[in-house]
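Structural overview
Each chain is listed here by its residues.
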Amino acid sequence: MNHRRYTPAHLLLSALAGAFAALLAAALAAWAILGSQCLSLVTAWGLIRSRFVEELDSNALADAALSGMVSALDDRWSHYYSAQRHTQLQQQRENAYVGVGITVDYSDDRGLTILAVTPGGPAAQGGVVPGELITAVDGTSLRGNNTAGPSLIQGEPGTTVTLALLSPDGGRRSLVLTRETMAVEPVSWELLEGGVGYVRLENFYDHSADKLNAAVDDLAAQGATALLFDVRNNGGGYVTELTAMLDHLLPEGPVFRLEYKDGGEQVSQSDAACVDLPMAVLVNRDTYSAAELFAAQLKETAGAVVVGETTSGKGHSQQTFTLPNGGGLNISTARYTTGGGVSLIGTGVALDAEIEMEEAQRTALAAGDLSKEEDLHLQKALALLAER
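Heads up: these notes are all about the structure in this document. (Residues numbered from 1 in each chain as written. Predicted model: local features only at pLDDT ≥ 70, side-chain atom pairs only at ≥ 80, totals over all residues. Heavy atoms only, no water.)

Focus: the overall build of the chain
- Looking only at helices and strands, one finds 10 helices and 19 strands in the chain.
- For 388 residues, the compact-globule estimate of 2.2 N^0.38 gives 21 Å, and the C-alpha radius of gyration of the chain, at 27 Å, exceeds that figure by more than 25%.
- A fraction of 65% describes how many contacts in the chain between residues 6 or more apart in sequence connect residues 24 or more apart.
- Entry remark: accessible area of the chain is about 20600 Å², with carbon and sulfur atoms responsible for 55%.
- Mean positive and mean negative side-chain charge positions of the chain (25 and 46 charges, respectively) differ by 10 Å. (Helix = DSSP H or I, 4+ residues; strand = E, 2+ residues; numbered from the N terminus. Rg over C-alpha atoms; globule rule 2.2 N^0.38 Å. Contact = heavy atoms within 4.5 Å. Areas by Shrake-Rupley, 256 points an atom, 1.4 Å probe, with all protein chains shown as cover. Lys, Arg positive; Asp, Glu negative; His and termini not counted. Charge placed at Lys NZ, Arg CZ, Asp CG, Glu CD.)

Here's the deal with a nonpolar patch on the surface
- The grouping of Ile48, Phe52 and Leu56 at the surface amounts to a nonpolar patch, some 240 Å² of accessible area in total.
- For Leu56, a relative accessible area of 33% corresponds to the partly exposed category. (Patch = residues over 30% accessible without salt bridge, like charges linked within 9 Å, V, L, I, M, F, W, Y side chains within 5 Å. Salt bridge = Lys/Arg side-chain N within 4 Å of Asp/Glu carboxyl O. Buried < 20%, exposed > 50% of the residue type's maximum accessible area, 1.4 Å probe, protein only.)

Observations concerning the packing of aromatic side chains
- One pass over the full model with this rule turns up 4 aromatic pairs.
- Within the aromatic cluster, the residues linked to one another by ring pairs are Phe204, Phe229 and Phe294.
- When the ring centre of Tyr198 is taken as origin, the NZ or CZ atom of Lys372, which lies over that ring, is 4.9 Å away. (Phe/Tyr/Trp six-rings, centres within 6.5 Å; stacked < 30°, edge-to-face > 60°. Lys NZ or Arg CZ within 6 Å of the ring centre and 35° of its normal.)

Things to note about the pairing of strand β5 (residues 133-137)
- Buried residues dominate β5, accounting for 5 of its 5 residues.
- Sheet topology note: the β5/strand β7 (residues 160-166) ladder contains 4 bridges and is antiparallel. Counted as the bridge partner of Val137 is Leu163 from β7.
- Two elements, β5 and strand β6 (residues 140-141), share 2 bridges in a ladder whose sense is antiparallel. Bridge assignment links Val137 to a residue of β6, and that residue is Thr140.
- Where β5 hands over to β6, the hairpin turn is made up of 2 residues, of which Asp138 adopts a positive phi near 50°. (Pairing = 2+ DSSP bridges.)

Digging into the packing of helix α7 (residues 239-249) against helix α8 (residues 290-302)
- Direction vectors running N to C along α7 and α8 enclose 20°, while the axes themselves pass 10 Å from each other. Looking at the two axes, α7 sits roughly parallel to α8. Where α7 crosses over α8, the two elements pack in a sense that is right-handed. For the pair α7 and α8, contact is made by Leu242, Met245, Leu246 and Leu249 and by Ala290, Leu293, Phe294, Gln297 and Leu298, respectively. (Axes fitted to C-alpha atoms, helices over the stretch in contact; angles between N-to-C directions. Parallel < 35°, antiparallel > 145°, perpendicular 65-115°, else oblique. Left-handed = near helix turned anticlockwise from the far one by under 90°.)

Let's talk about helix α9 (residues 359-367)
- Residues of α9 that are buried include every one of Gln361, Arg362, Ala364, Leu365 and Ala367, and no others.
- Where α9 is buried, its residues touch β4 (112-117) and α10 (376-386).
- Positive backbone phi, at 80°, marks Gly368, one or two positions downstream of α9.

Comments concerning the sheet that holds strand β11 (residues 196-201)
- Here we have 6 strands laid out as an open sheet, ordered β10-β11-β12-β15-β16-β19, and mixed in their pairing. The open sheet has two edge strands, β10 (187-191) and β19 (353-354), and neither has a second partner.
- Across the sheet, α10 touches β11, β12 (226-230), β15 (279-283), β16 (305-308) and β19, and the angle it forms with β15 is around 160°.

Notes on the pairing of strand β2 (residues 96-99)
- Burial of β2 is two-sided: the residues Ala96 and Val98 facing one way and the residues Tyr97 and Gly99 facing the other way are all buried.
- In terms of strand pairing, β2 meets strand β9 (residues 180-183) through 4 bridges, oriented antiparallel. Bridge pairing in β9 links Ala96 to Ala183.

Examining the pattern of salt bridges
- Overall, the coordinates contain 13 salt bridges when judged by the stated rule.
- The partner of Arg173 in a salt bridge is Glu132, with the nearest N and O atoms 3.0 Å apart. A residue pair is termed long-range when its members are at least 10 positions apart, and Arg173 in strand β8 (residues 172-178) and Glu132 in the loop between α4 (122-125) and β5 qualify at 41 residues.
- According to the relative accessible area criterion, Arg173 is partly exposed, its value standing at 32%.
- The closest approach of N and O atoms between Glu202 and Arg200, which form a salt bridge, is 3.2 Å.
- When its relative accessible area of 12% is taken as the criterion, Arg200 is described as buried.

What about the packing of helix α6 (residues 208-221) against α7?
- Their axes nearest at 8 Å, the elements α6 and α7 cross at an angle of 20°. The angle between the axes of α6 and α7 places the two elements in the roughly parallel class. For the element pair α6 and α7, the recorded crossing hand is right-handed. Facing α6, whose interface residues are Ser208, Ala209, Leu212, Asn213, Val216 and Asp217, α7 presents Glu241, Ala244, Met245, His248 and Leu249.

Side note on α6
- Given a rise of 1.5 Å per residue, 14 residues ought to cover 20 Å, and the 20 Å separating the end C-alpha atoms of α6 matches this to within 8%.
- Looking at the buried side of α6, the elements it contacts are β10, β11, β12 and α7.
- Among the residues trailing α6, Gly223 stands out with phi positive, at a value near 100°. (Expected span 1.5 Å × (residues − 1).)

Quick word on the side chain of Ser270
- Mapped onto the elements of the fold, Ser270 is located in strand β14 (residues 265-270).
- Taking relative accessible area as the criterion, Ser270 reaches 3% and is therefore assigned buried.
- Looking at Ser270, its side chain comes within polar contact range of the main-chain oxygen of Asp247, at 3.3 Å.
- Of note is the side chain of Ser270, whose polar atom sits 3.2 Å from the backbone oxygen of Pro251.
- Excluding its chain neighbours within four sequence positions, the residues that come into contact with Ser270 are Leu246, Asp247, Leu250, Pro251, Glu252, Gly253 and Val255. (Polar contact = N/O pair within 3.5 Å; in protein donor to acceptor, adjacent residues only side chain to side chain.)

This is the structure:
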């Protein structure tokens, strides 16, 4: 029997032909799945990496490309987060973050205005006071770009950050602070005169539902005859936390609806157990996402009175997907409404009493310095509760 012999050249040609066939099959599959646009992006990336004559920051290039892609969706609730920002947001959603313990305002384009200082935090220990302006972080000026400030201030626990501070009287100083992990308490509460239980809710992130439900139960045990929820300046959070709160407060029925791209719907239900007390909710223009749905659902199901300013009018739910580069793709994946099917897009929560705050009051509220006697929203809500 004769055996065919293959030379090294034959073997090489056979391997090359196999590799070419595999690459062609992969290219055709990618074309079918991703389309020519995506392949064009990959081609452009390869050309820039191989042909661009100057030095190239690949991370910055990827961040810019991903950010531009999400921006083209023309959806104000979808965002791309760089790896650093994604990590910071994940920490914040655990109701903890690494920083120096300050609350800031962005209205001054020279830098970040300090609204409040966390007692016992690094900033407080360093003598930082509300009203000071952070003009630079680690030598990077914030003039005209103050939104970059928080990312520069946050970092790893135990590392230092240098803040350039400008006092209201024009004095300047430089302060070195050591970053710490700061816990955020999402709920605070107290029993006001007249038996109204006041509950301040900062966000809808980790543990917020357990804290709010415990606060409500504690106030009821103290003899509260009504409940007043404050979700002003609340940026929202997780649907799971929202629905757990609504389930605790409201009687049996739908409390939240999600509609997905394929037309599927998910309806969250409350059971029969509830809190049978008159309710009111304080809102403002920075009441956002889960916070405004919370107010809207309490109004729809329990007849809660809603007092304050027109809310942001959000109506899409987002999911954040972690990308291979460590960044986060936060995109709208569903539309949401109240349990009764009411969308808040473009309208916000229907108000029972609309009261616009002056800027000085708005600043004092954000800093936690607005007294209850001077809080027009709170006073109006108390008056409406007294009529019930």
